[in-house]
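# Geometric and topological summary
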Amino acid sequence: RGQALLELTLGFGPLLALTLGLGLAEQLTPLASAWLFAALAYQLSGLRFPQVALLGPGAAWRDSMRYSIWAALALLAIAAACRYVDLPGVQRIGGYVPFVLLQQALLLGFLWPRARLVAPRHARALAASVFALVHAPNFALMGLTFMAAWFWTAHFRHHRSWLPVVASHYALG
C-alpha cells in the first residue's frame, strides 16, 4: 500500500503540481518540461496490464459503445445549446490517436492498479479523481473526465479489455 502511494506520488505528483499549482502554460519552461517528461517516463516504466485482452469480447465493445453513444449525444446537445460546434480537422483526428493511447495506458496501466492497492474500496473514485485533476484548470473538462474515467475503470475491471476503452475515449474526445 505504501509503495503504491509512493509510486502514485512520484508519477502524478509532478503533473498535478504543474496543472494545479504552477499551471501549464502554452510554452513550457525547460524545467517544467523536464518534470513532465520525467513523470511520464516514470509512469510508462511502471505500466501493469496483467491478464488483459487487447480487443476484448463483443460484450466489451457493446458496453463501451452504448456508454459512448449516450455520452456523445449529451455532449452534442450541450454544444448545440451553447451554440458551440467545433468540428475537428483531419490533422486533429489523426493526431489525437497517440494522445488517447497514452492517456489510457496511464489511467488503466499505472493509475488504476495503484489506486486499487492504496484504496481498494474507493479505487474508482481515486483513479477518476486523479485523472480528472490532471485536466485542470478546465472545470467542465475535469467533471466530464471524472465521469468518463469512472466508467472506463469499471468497464476495464469487468471486461479486462483495452481497445474498447480507447475507442470510447477517442470518440468522446
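Relevant structure appears above.
My aim in this report is to walk through the structure given alongside it, one point at a time. (Residues numbered from 1 in each chain as written. Predicted model: local features only at pLDDT ≥ 70, side-chain atom pairs only at ≥ 80, totals over all residues. Heavy atoms only, no water.)

### Some thoughts on the overall build of the protein chain
Threshold: Here a helix means four or more residues in a row that DSSP labels H or I, a strand means two or more in a row labelled E, and each is numbered from the N terminus. Relative accessible area decides the class of each residue, using a 1.4 Å probe on protein chains only: under 20% of the type maximum gives buried, over 50% gives exposed, and in between gives partly exposed. Any two residues whose heavy atoms approach within 4.5 Å are treated as being in contact. Each accessible area is a Shrake-Rupley estimate made with a 1.4 Å probe; only the visible protein chains count as cover when residues are assessed. Counted as positive: Lys and Arg. Counted as negative: Asp and Glu, with His and the chain ends omitted from the count. Working definition for charges: the position is that of NZ of Lys, CZ of Arg, CG of Asp or CD of Glu.
Check the secondary structure of the protein chain and you find 7 helices and 0 strands. Put simply, the protein chain runs from its N terminus to its C terminus through helices and strands in the order α-α-α-α-α-α-α. On the principal axes, the C-alpha backbone points of the protein chain span a range of 40 × 40 × 30 Å. Here the protein chain holds 173 residues, and the buried ones make up 38% of them. Considering only residue pairs separated by 6 or more positions, the protein chain has 76% of its internal contacts joining residues 24 or more positions apart. Element-wise, carbon and sulfur atoms account for 70% of the exposed surface of the protein chain, whose accessible area totals about 10200 Å². Across the protein chain, the centroid of the 12 positively charged side chains sits 13 Å from that of the 4 negatively charged ones.

### Some details on the side chain of glutamine 104
Inspection of the secondary structure puts glutamine 104 in helix H4 (residues 90-118). What glutamine 104 contacts, discounting residues up to four positions off in sequence, is Gly109, Trp152, Trp162, Val165, Val166 and His169.

### So, the nonpolar core
Which entries qualify depends on this criterion: In this text, buried Ala, Val, Leu, Ile, Met, Phe, Trp, Tyr and Cys residues form a nonpolar core when linked through side-chain atoms within 4.5 Å.
Membership of the largest hydrophobic core comes to 36 residues, with the highest contact counts inside it found for Phe12, Leu107, Leu111 and Trp152. Mapped by element, the contributors of at least two residues to this core are helix H1 (2-22), helix H2 (30-45), H4, helix H5 (123-133), helix H6 (139-159) and helix H7 (163-172). Ranked by residue count, the leading element in this core is H4, at 10 residues.

### Remarks on the layout of surface pockets
If a probe as big as a water molecule is rolled over the atoms, it shows which places are left empty. The test is simple: Grid spacing is 1 Å over the protein atoms alone, the probe is 1.4 Å, and a cavity is where that probe fits but cannot get out, while a pocket is an open set with protein on both sides within 12 Å along at least five of seven lines and lining residues have an atom within 4 Å of a point. Grid points are joined across faces, edges and corners, and a volume is the space filled by probe spheres set on the points. Note on residue classes: Ala, Val, Leu, Ile, Met, Phe, Trp, Tyr, Cys and Pro are nonpolar, Asp, Glu, Lys and Arg are charged, and everything else, Gly too, is polar.
In this structure, the largest pocket occupies an estimated 2000 Å³ of space. Partitioning the lining of the largest pocket into residue classes produces 39 nonpolar, 8 polar and 2 charged.

### Describing the environment of arginine 114
Relative to the elements of secondary structure, arginine 114 occurs in helix H4. Residue class for arginine 114 comes out buried when judged on its relative accessible area of 2%. Remark: the alpha-carbon pair of arginine 114 and tryptophan 152, spanning 38 residues in sequence, is separated by 16 Å. Residues in contact with arginine 114, not counting those within four places in the same chain, are Ala4, Glu7, Leu8, Gly46, Arg48 and Gly109.

### Topic: the packing of H4 against H6
Each pair of packed helices gets described by two things: the angle between the helix axes and the distance between those axes. Let me state the cut-off plainly: The angle between two axes is taken between their N-to-C directions and runs from 0 to 180 degrees, where each axis is a line fitted to C-alpha atoms and a helix contributes only its stretch in contact. Should an angle lie under 35 degrees it is considered roughly parallel, over 145 roughly antiparallel, and from 65 to 115 roughly perpendicular; all remaining angles are considered oblique. Each crossing is labelled by how the near helix is turned from the far one, with a counterclockwise turn of less than a right angle marking it left-handed and a clockwise turn marking it right-handed.
At a closest axis distance of 11 Å, the pairing of H4 and H6 adopts a crossing angle of 65 degrees. Considering their axes alone, H4 and H6 lie roughly perpendicular with respect to each other. Regarding H4 and H6, the two cross each other, and that crossing is right-handed. Packed against H4, whose contacting residues are Gln104, Leu107, Leu108 and Trp112, the element H6 presents Ala149, Trp152, Thr153, Phe156 and Arg157 at the interface. Here the residues of the contact of H4 with H6 are counted per class, giving 6 nonpolar, 2 polar and 1 charged.

### A word on the pattern of salt bridges
Convention followed: Here a salt bridge means any side-chain nitrogen of Lys or Arg lying within 4 Å of a carboxyl oxygen belonging to Asp or Glu.
Throughout the structure, instances matching the rule amount to 3 salt bridges. Salt-bridge contacts for arginine 48 lead to glutamate 7; the nearest nitrogen and oxygen are separated by 3.3 Å. Of this pair, arginine 48 sits in the loop between H2 and helix H3 (58-81) while glutamate 7 sits in helix H1, placing them 41 residues apart in sequence. Between arginine 114 and glutamate 7 there is a salt bridge; the shortest N-O distance is 2.6 Å.

### Observations regarding the packing of aromatic side chains
In plain terms, the rule: Pairing of aromatic rings covers Phe, Tyr and the six-membered ring of Trp, with a centre-to-centre limit of 6.5 Å; geometry is then stacked below 30 degrees between planes, edge-to-face above 60, and tilted otherwise.
Within the structure shown, the criterion is met by 8 aromatic pairs. An angle of 75 degrees between the planes, with centres 6.0 Å apart, marks the rings of tyrosine 42 and phenylalanine 110 as edge-to-face. Pair noted here: tyrosine 42 is in helix H2 and phenylalanine 110 is in helix H4, with a separation of 68 residues, a long-range link. Accessibility expressed as a relative area gives 1% for phenylalanine 110, which makes it buried. Ring geometry for phenylalanine 49 and tryptophan 162: centres 6.0 Å apart, planes at 65 degrees, overall edge-to-face. Note that phenylalanine 49 is positioned in the loop between H2 and H3 and tryptophan 162 in the loop between H6 and H7, a separation of 113 residues in sequence.

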